Amino acid sequence: MKPLCNLIIDSCCDLPFEVVDREGVDLIKFPYVMSDGEHADDLYQTTTAHGFYQAMRDGEQPTTAQVPIPVFREAFERAIASGVPTVFLSFSSGLSGSYDAAELVHAQLMEEHPEAELYLVDTRLASVAEALLVHEALRQRDQGLTARELAAWAEEARFFVDAQFMVDDLEALRRGGRIPGSVAYAGSKLDVKPLLGITADGKLALTGVARGRKKGVKQLAEYYRKRKADSRPGRCVVIGNADCPKDAERLKGELSKDDDSILFLESSIGPVIGSHVGPGMIAVVFWGGDKREELSVADRIARKVKGGE
């Protein structure tokens, strides 16, 4: 059965290229800049994860930028011209202004083409957490959801994607403005491996620390055991790594001790996310509980006042 809608995704989902290289899927490539100029994050089609992270180890300090407005316009115009209802699943607005740019372009085009079906969803996720949502969205699309239904599904499903990741240090995140300098300073002085998660509003939060990478990998596995909501045989767990494949294998082994039926989707952290987390990041992503329920009472009241979820 031919899918009832198309998808636009962005490269910050960090999925393997072969997973998204299919009919009806358009990839928006985030830019990043190295000492030799600007590059497009093409899910490692023109470079390798090891080459990128080795350059960082050798002193390269890549920077990133928002997706240019013309790139969004071209992608959205292609979607409208195709006549096929389309959903755009975007990198978290809590970590980039690109979603705001996409909304601006979308509003302009909807005035020009009021009959078009083009839906935008802020996933409030990043990297391999975004990957799990996109991966499942592809399956839901292939099972027959319409564009309107798929957008509504994603708006709800994003709150059930749980993720924890470990980084070697917080300096790259501090340099990119993703965490306060005081947090990075404290992490470096304590000589620990920081553990981070993604909040309900799509921002980063320090969730714990580990003394050493081996202990950190075990803590990631324990985090999964405590918080997983899906216990069916064959459930999908995403393992992401920034050029540390041995740690990824160690994490898979830890998770498989209790259940050898898990289907692992493995991914290399892309250069845009990698520019902010640095080499050595390792992540586990899975379907968990509703993150909105973890908000404090005060935050829930604030969201209600603002008319949010």
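Above: the structure in question.
Digging into helix 10 (residues 245-256)
Now for step 1: In this model, helix 10 (twelve residues) spans 16 Å end to end at C-alpha, consistent with the 16 Å of a helix rising 1.5 Å per residue.
Now for step 2: Taken as a whole, helix 10 has its buried residues at Asp247, Ala248, Leu251, Lys252, Glu254 and Leu255. The buried residues of helix 10 occupy an angular sector of 160 degrees when the element is viewed end-on, so they sit on one face. Across helix 10 from its buried face, at more than 90 degrees, point the exposed residues Pro245 and Lys246.

Examining the pattern of salt bridges
Now for step 1: Counted under the stated rule, the structure contains 24 salt bridges.
Now for step 2: Note that Arg213 and Asp168 form a salt bridge whose closest N and O atoms lie 2.8 Å from each other. With Arg213 in helix 9 (residues 213-227) and Asp168 in the loop between strand 8 (161-166) and helix 7 (171-175), this pair connects stretches of sequence that are 45 residues apart.
Now for step 3: Judged by its relative accessible area of 18%, Arg213 falls in the buried class.
Now for step 4: On the accessibility criterion, Asp168 (28% relative accessible area) is partly exposed.
Now for step 5: One network of salt bridges, with partners in common, ties together Asp168, Lys193, Arg213, Asp247 and Arg250.

Considering the sheet that holds strand 4 (residues 37-40)
Now for step 1: The strand order 4-3-5 describes an open sheet built from three strands, whose pairing is antiparallel. Unpaired on one side and paired on the other, strand 4 and strand 5 (63-64) mark the two borders of the sheet.
Now for step 2: Strand direction decides the pairing type here: strand 3 (residues 31-34) and strand 4, joined by four bridges, are antiparallel. Each residue of the ladder has a partner; that of Pro31, found in strand 4, is Ala40.

Describing the sheet that holds strand 2 (residues 25-28)
The pairing of strands in a sheet comes from backbone hydrogen bonds and takes either a parallel or an antiparallel form.
Now for step 1: One open sheet accounts for four strands, arranged 2-1-6-7; its pairing is parallel. Lying at the two open borders of the sheet, with one neighbouring strand each, are strand 2 and strand 7 (118-122). The mean angle between the axes of side-by-side strands here comes to 20 degrees, regardless of whether they run parallel or antiparallel.
Now for step 2: Across four bridges, strand 1 (residues 6-10) lies against strand 2 in parallel orientation. Residue Ile8 lies in a different strand from strand 2, and its bridge partner there is Asp26.
Now for step 3: Of the strands in this sheet, strand 1, strand 2, strand 6 (86-90) and strand 7 touch helix 3 (residues 69-82), which is tilted by about 170 degrees from strand 2.
Now for step 4: Seen against the sheet, helix 4 (residues 98-112) touches strand 6 and strand 7 and runs at an angle of roughly 165 degrees to strand 7.

Cut-offs applied
Residues numbered from 1 in each chain as written. Predicted model: local features only at pLDDT ≥ 70, side-chain atom pairs only at ≥ 80, totals over all residues. Heavy atoms only, no water. Helix = DSSP H or I, 4+ residues; strand = E, 2+ residues; numbered from the N terminus. Expected span 1.5 Å × (residues − 1). Buried < 20%, exposed > 50% of the residue type's maximum accessible area, 1.4 Å probe, protein only. Arc of directions from axis to C-beta. Salt bridge = Lys/Arg side-chain N within 4 Å of Asp/Glu carboxyl O. Pairing = 2+ DSSP bridges. Axes fitted to C-alpha atoms, helices over the stretch in contact; angles between N-to-C directions. Contact = heavy atoms within 4.5 Å.

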